[in-house]
Amino acid sequence: MGAVGRSARQPTRDDGRLLKTVGEQSYLRGGHRHGRRDFLERLLRGLLDAMDHTADAEQLAAGPGVLQRLDPRIKTLGLLTLVVTAVFVKSLVALGGLFAFATALALASRMTLRRLAGQVWTGVLLFTGVLAVPAIFLVPGDALVAVPLLDWTITRQGLRGAAFLVGRAETAATFALLVILTTPWPQVLKALRSLGVPLVLVAILGMTHRYIFVLLENSVQLFEAKRSRVMGPLSGPERRRMAIASVVVLLEKSLHLATEIHLAMIARGYRGEVHLLDEFRTRTRTWDWIALASFLAVAAIAIGWQWLPSIGDRI
Amino acid sequence: MHIPDGYLSPLTCAAAYVVAAPFWFVALRKVKGQLQTRLVPTVAVVSAFSFVIMMFNLPLPGGTTGHAVGLAVAPILLGPWAAMLAISIALFIQALFFGDGGITTFGANCLNMAIVGPWVAYWLYRLISGETPLASKRRVFAAAAAGYIAISVAALLAAVQFGIQPIFFHDAAGAPLYAPYALAITIPAMMIGHLSFAGLAEAVISGGVVAYVQKVDPRLLSLSTPQVAATGGGEAATLPVGWRPTRALWAGLAALLIASPLGLLAAGIAWGEWGVDDFKDAAVPAQIAPASGNVVPPESVPQGMERLSSFWTAPMPDYEPAFMHNEYFGYILSAMVGTGLVVLAVLLLSAVLGGGRAQRAAANP
């Protein structure tokens, strides 16, 4: 994804962070924003953030770093295995170890702690952390501390439950982010193909990713055009009508686009058989196999940690 | 609504993938059959469209905004199978590329938002709109109601997925390993938000889009309304009737009825389905406590339960009709009676909502 059109009136990053508290968990700075702020500006900012994330990911994936140098198939398989491992583990110590491993991998791949905090950790903490806090009081179990003035008791089981939830969400999201920030999307798709995902789905995913940005740009242009013609704030019903009209216009544009793409494909000899360009030609190096073995070893140790009673989970 | 990684146990995630897989398989085959060489470009662009509209924030009455998922918009405009594929692919890219929803929970998210939600929306839309003309106001209401109920059903499903985690997945000391709240908390917590803001957003966008499409290009509604001719005036045609179109479904229903005694294999009492007699049995509270996060049930029968237990006596208590002495046949008979009543209710409802179908068919042969 190359450079994309940007709005003349850029939103500030701080606004995005503030709004993140009320959205869903996402790598985007603002998540799904809700609130009472200017509707058009918020919508545009959300669309532009998605484009920003892509440009950012591509830049980082093309740069130097440990994960960037790995074979995409090995890397995707290894990191997805670690995502699943983070969900599997039954020990907080093992979960902490996995989180430390994810952070170390990120640092070795030229990602700063600031980026990780801004893109994953804060967002997950604000979403999952807020969700998990009541559990420390609500889950019945052994009382640890009584909250003064309130008749609430923090339980050991509640604390462990909340820690598991936040720890899993943080660790899995960090590993998942590593996949996308160190691998260009076409290579992720080819890696998925190597892992057995049907060819036709890989082709659809590749095209979907491409046309998401075409449609995002169309949407930005639609809203920019409207904003440039509006003097004052729009009323609630007017804003609703505009959003709904935009959806339908976008659908019509999408269907038209699909027809044009189909005709262009037919004109170039497409008859329903999908072929991927430049399959992996590079041979997997010894270093890649060592990396895969390390990922699998970390996963096996993390899952098996609970059966190590001498150094097991004491929290 | 997008469930992140870590909220659901691996077993729940695997079960969701297993349930979703046949739907994806059939959807891909059906859409491939319909679109032929147009499959790749059309599904790709429509998936991109689904992704983009999920990013739209809709201004709601009261000044706040909600983001619609398009659970009803997609099946109404594209048909249920294409919608299922498009939303699934959009969710995949959201999960992998944008971290919106988990990778392990992708199957569960698809089950809620790409399979159950759109199917509920599609059938509700068809049931409520009946054979009304494409420009009918009833279609706008049908779309709004379909969107509202579909997202509520999807949210309920997610709430159940969250709520069963502490029942089945906790460590030896009782600490929950995944989503920590019981059904009594997850269901109200999810439903309050979705029955208000999210449901309203889905209703507004679904009804609004159908109303707008009716004005600018009613043909777009013909995919979800194959029986109504897309003539702008919306002349009604007769529905395909008879046994053939649905015989596979009826055969499946019959197989399920015959298999219903499998329920007898389940040991113990279903959680939350205790009766007065169960509280009088000393062994039952011992079963309830470990399944309820070690919350010990009351020693005696709760007064309200005792009082209300005599309010209604089921005609076939515990699926065992009094006159039937074989519990397996009793189970099958109960399943037949129950299913028959549901079918009858649906037929009555469709007769009421689709009233005038015969007159219209007669008027427009």
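Residue numbers restart at each chain and count upward from 1, following the sequence in its written direction. Chain letters and ligand numbers both follow the written order, the letters beginning at A and the numbers at 1. Local features in this predicted model are restricted to residues of pLDDT 70 or higher, and side-chain atom pairs are both shown and tallied only at a pLDDT of 80 or more, whereas totals for entire chains, interfaces and linings draw on every residue.

Draft legend 1. Spotlight on the overall build of chain A. Helical segments are the DSSP runs of H or I of at least four residues, strand segments are the runs of E of at least two, and each set is numbered from the N terminus. Broken down by element type, chain A carries 12 helices and 2 strands. Going from N to C terminus, chain A has its helices and strands arranged as α-α-α-α-α-α-α-β-β-α-α-α-α-α. The 315 residues of chain A split such that 45% are buried. Think of it this way: build a C-beta for each residue from its backbone, and any pair within 7 Å is a contact. The long-range fraction of contacts in chain A, counting pairs at least 24 apart against all pairs at least 6 apart in sequence, stands at 71%. Exposure in this text rests on C-beta crowding, where 20 or more other C-beta atoms within 10 Å of a residue's own make it buried, 12 or fewer make it exposed, and counts in between make it partly exposed. The C-beta atoms are placed from the backbone.

Draft legend 2. Highlighting the overall build of chain B. Of regular secondary structure, chain B possesses 14 helices and 2 strands. Considering only contacts in chain B between residues 6 or more positions apart, those separated by 24 or more positions represent 70%.

Draft legend 3. Structural context of the interface of chain B and chain A. Taken together, the contact between chain B and chain A spans 66 residues of the former and 77 residues of the latter. With 13 residues, helix α2 (residues 39-54) of chain B is the largest single contributor of residues to the side of chain B that touches chain A.

Draft legend 4. Looking closely at the confidence of the model for chain B. All names here are of chain B. pLDDT runs from 0 to 100 and stands for how confident the predictor is about each residue. Here chain B averages 78 in pLDDT, and 69% of its residues register 70 or above. Here residues 229-242 is a poorly scored stretch, pLDDT under 50, and it has 24 contacts once near neighbours within four places are set aside; other chains count. Here residues 358-365 scores under 50 on pLDDT; set against residues more than four positions off or in separate chains, the count is 6 contacts. Predicted complex metrics record ipTM = 0.82 and pTM = 0.73.

Draft legend 5. Focus on the pairing of strand β1 (residues 143-147) of chain A. Residue and element names in this part refer to chain A. Little of β1 is tucked away: 0 of the 5 residues are buried. Sheet analysis places β1 next to strand β2 (residues 152-155), joined by 4 bridges and oriented antiparallel. Of the residues in β2, the one forming a bridge with Ala 146 is Thr 153. At least two DSSP bridges between two strands are required for those strands to pair.

Draft legend 6. Region of interest: the nonpolar core. Working definition: the nonpolar core is a set of buried Ala, Val, Leu, Ile, Met, Phe, Trp, Tyr and Cys residues, joined through C-beta atoms within 7 Å. Judged by nonpolar contacts, the single largest core of 179 residues is most densely connected at Val 247 of chain A together with Ala 86 of chain B. Apart from the residues lying within four places of it in its own chain, the contact partners of Val 247 of chain A are Ile 53, Phe 56, Val 73, Ile 205 and Val 209 of chain B.

Draft legend 7. Structural context of the environment of Leu 126 of chain A. Residue and element names in this part refer to chain A. Among the structural elements, Leu 126 can be located in helix α6 (residues 113-132). C-beta crowding within 10 Å serves as the criterion here: with 17 such atoms nearby, Leu 126 is assigned to the partly exposed category. Separated by 101 residues in the primary sequence, Leu 126 and Gln 25 place their C-alpha atoms 8.4 Å from one another.

Draft legend 8. Expanded view of the packing of helix α10 (residues 199-228) of chain A against α2 of chain B. Fitting a line to C-alpha atoms yields each axis, with helices limited to the stretch in contact; the angle taken between N-to-C directions then spans 0 to 180 degrees. Remark: α10 of chain A packs on α2 of chain B, axes separated minimally by 7 Å, with the N-to-C direction vectors making an angle of 50 degrees. Taken together, the axis directions place α10 of chain A and α2 of chain B in an arrangement best described as oblique. Pair α10 of chain A / α2 of chain B crosses with right-handed handedness. Residues Val 200, Ala 203, Ile 204, Met 207, Thr 208, Tyr 211, Ile 212, Leu 215, Leu 216 and Ser 219 of chain A of α10 of chain A form the contact with α2 of chain B, whose own contacting residues are Val 40, Pro 41, Val 43, Ala 44, Val 45, Ser 47, Ala 48, Phe 49, Phe 51 and Val 52 of chain B. Angle categories: roughly parallel below 35 degrees, roughly antiparallel above 145, roughly perpendicular from 65 to 115, and oblique for all the rest. The hand of a helix crossing depends on one turn: near helix anticlockwise from the far one by less than a right angle means left-handed, and clockwise means right-handed.

Draft legend 9. Geometry of the packing of helix α4 (residues 80-98) of chain B against helix α5 (residues 106-129) of chain B. Residue and element names in this part refer to chain B. Close contact between α4 and α5 brings their axes to 9 Å; oriented N to C, the two are set at 150 degrees. When the axis of α4 is compared with that of α5, the two are roughly antiparallel. Between α4 and α5 lies a crossing of right-handed hand. Across the interface between the two elements, Pro 80, Ala 83, Met 84, Ile 87, Ser 88, Leu 91, Phe 92 and Ala 95 of α4 pack against Phe 106, Asn 109, Cys 110, Met 113, Ala 114, Ile 115, Pro 118, Trp 119 and Tyr 122 of α5. A breakdown of the residues in the contact of α4 with α5 according to their chemical character gives 15 nonpolar, 2 polar and no charged. The residue classification treats Ala, Val, Leu, Ile, Met, Phe, Trp, Tyr, Cys and Pro as nonpolar and Asp, Glu, Lys and Arg as charged. All others, Gly included, are polar.

Draft legend 10. Helix α12 (residues 286-304) of chain A, seen in detail. All names here are of chain A. The span expected for a helix works out to 1.5 Å for each residue beyond the first. For α12, built from 19 residues, the straight-helix expectation of 27 Å at 1.5 Å per residue is met to within 8% by its first-to-last C-alpha distance of 27 Å. Taken together, the buried positions of α12 are occupied by Ala 291, Phe 295, Val 298, Ala 299 and Ala 302. Projected down its long axis, α12 carries its buried residues within an arc of 95 degrees, all on one side. α12 presents Thr 286, Trp 289, Ile 290, Ala 293, Ala 297, Ala 300 and Gly 304 as exposed residues on the side facing more than 90 degrees away from its buried surface. Elements in contact with the buried residues of α12: α4 (72-88) and α5 (92-108). To be clear, the arc concerns the directions from the helix axis to the C-beta atoms.

Draft legend 11. Structural view of unusual backbone geometry. The phi dihedral of Arg 110 of chain A falls on the positive side, at around 65 degrees, and the residue is not glycine. Here Arg 110 of chain A lies in the loop between α5 and α6.

Draft legend 12. Summary view of α5 of chain B. Residue and element names in this part refer to chain B. Helix length check: α5, at 24 residues, gives a terminal C-alpha distance of 32 Å against a target of 34 Å (1.5 Å per residue), a fit within 8%. At Val 116, α5 shows its strongest bend, of approximately 30 degrees, with the proline Pro 118 following within four residues. In terms of residue burial, α5 counts as a mostly covered element, since 20 of its 24 residues are buried. Just downstream of α5 lies Gly 130, where phi reads positive at about 55 degrees. What is called the bend at a residue is the angle between a pair of axes, fitted to the seven residues leading up to and ending at it and to the seven starting from it.

Draft legend 13. Structural context of the confidence of the model for chain A. Residues and elements named next belong to chain A. Mean pLDDT over chain A works out to 79, with 83% of the residues at or above the 70 mark. Here helix α1 (residues 13-20) is the element of chain A with the lowest mean pLDDT, 37, and α5 is the one with the highest, 93. Contacts from residues 1-22, a stretch scored under 50 in pLDDT, to residues over four places away or in other chains number 34 contacts.

Draft legend 14. View of the environment of Ile 192 of chain B. All names here are of chain B. The residue Ile 192 is located in helix α8 (residues 183-216) in this model. Looking at Ile 192, the number of C-beta atoms within 10 Å reads 11, which means it is exposed. Along the primary structure Ile 192 and Leu 177 are separated by 15 residues, whereas in three dimensions their C-alpha atoms are 25 Å apart.

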